[in-house]
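Secondary and tertiary structure notes
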Amino acid sequence: MNTHNSNDFRYRVRRPDDMQMRYERVPLAVRTLSSNTLFQGEHEIGIEHHGALYRLKITRQGKLILNK
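Now for a look at the structure at hand. Remember, predicted model here, so these are calculated numbers, not experimental data. (Residues numbered from 1 in each chain as written. Predicted model: local features only at pLDDT ≥ 70, side-chain atom pairs only at ≥ 80, totals over all residues. Heavy atoms only, no water.)

**Quick look at the overall build of the chain**
Helices and strands together make up the secondary structure of the chain, namely one helix and five strands. Mapped in sequence order, the helices and strands of the chain form the string β-β-α-β-β-β. Counting every position in the chain, which comprises 68 residues, the buried fraction comes to 7%. As presented, the chain carries roughly 6,600 Å² of accessible surface, and 49% of it is formed by carbon and sulfur atoms. (Helix = DSSP H or I, 4+ residues; strand = E, 2+ residues; numbered from the N terminus. Buried < 20%, exposed > 50% of the residue type's maximum accessible area, 1.4 Å probe, protein only. Areas by Shrake-Rupley, 256 points an atom, 1.4 Å probe, with all protein chains shown as cover.)

Structure follows, in structure tokens:
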């Protein structure tokens, strides 16, 4: 399942009424899954992406690491 949208930008230009250009952080809707849903009690899962296998792991400190 590919959720990439080429029109998604983290920063967008907003022009106020006086037409001065400024950059402002605009929150974008991102599909979110909990790690519990992904891992289902395991500490490592595989992700296939364009024919390559990636491993997503939970470390002892509770952080996530993605390896190819």
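**Regarding the sheet that holds strand E4 (residues 52-58)**
The three strands are arranged E3-E4-E5 in an open sheet whose pairing can be described as antiparallel. Of all strands in the sheet, those with a lone pairing partner are strand E3 (44-49) and strand E5 (64-67), marking the two edges. Mean inter-strand twist for the sheet, computed between neighbouring axes without regard to direction, equals 25 degrees. As judged from the six bridges shared by E3 and E4, these two strands associate in the antiparallel manner. What sits directly across from Gly46, in E4, is Arg55. (Pairing = 2+ DSSP bridges. Axes fitted to C-alpha atoms, helices over the stretch in contact; angles between N-to-C directions.)

**Regarding the pattern of salt bridges**
For the structure shown, the criterion picks out one salt bridge. Among the ionic pairs, Glu44 bridges to Arg55, the shortest N-O distance being 3.0 Å. Placement of Glu44 in strand E3 and of Arg55 in strand E4 is noted, with a sequence separation of 11 residues between them. When its relative accessible area of 39% is taken as the criterion, Glu44 is described as partly exposed. We classify Arg55 as partly exposed; its relative accessible area is 37%. (Salt bridge = Lys/Arg side-chain N within 4 Å of Asp/Glu carboxyl O.)

**Let's talk about unusual backbone geometry**
Backbone geometry at Gln40 places phi at a positive 50 degrees, although glycine is not the residue there. The exposed category is assigned to Gln40, whose relative accessible area is 66%. At His50, a position not held by glycine, the phi torsion is positive, near 50 degrees. Among the secondary structure elements, His50 is positioned in the loop between E3 and E4. The exposure class of His50 is exposed, given its relative accessible area of 73%.

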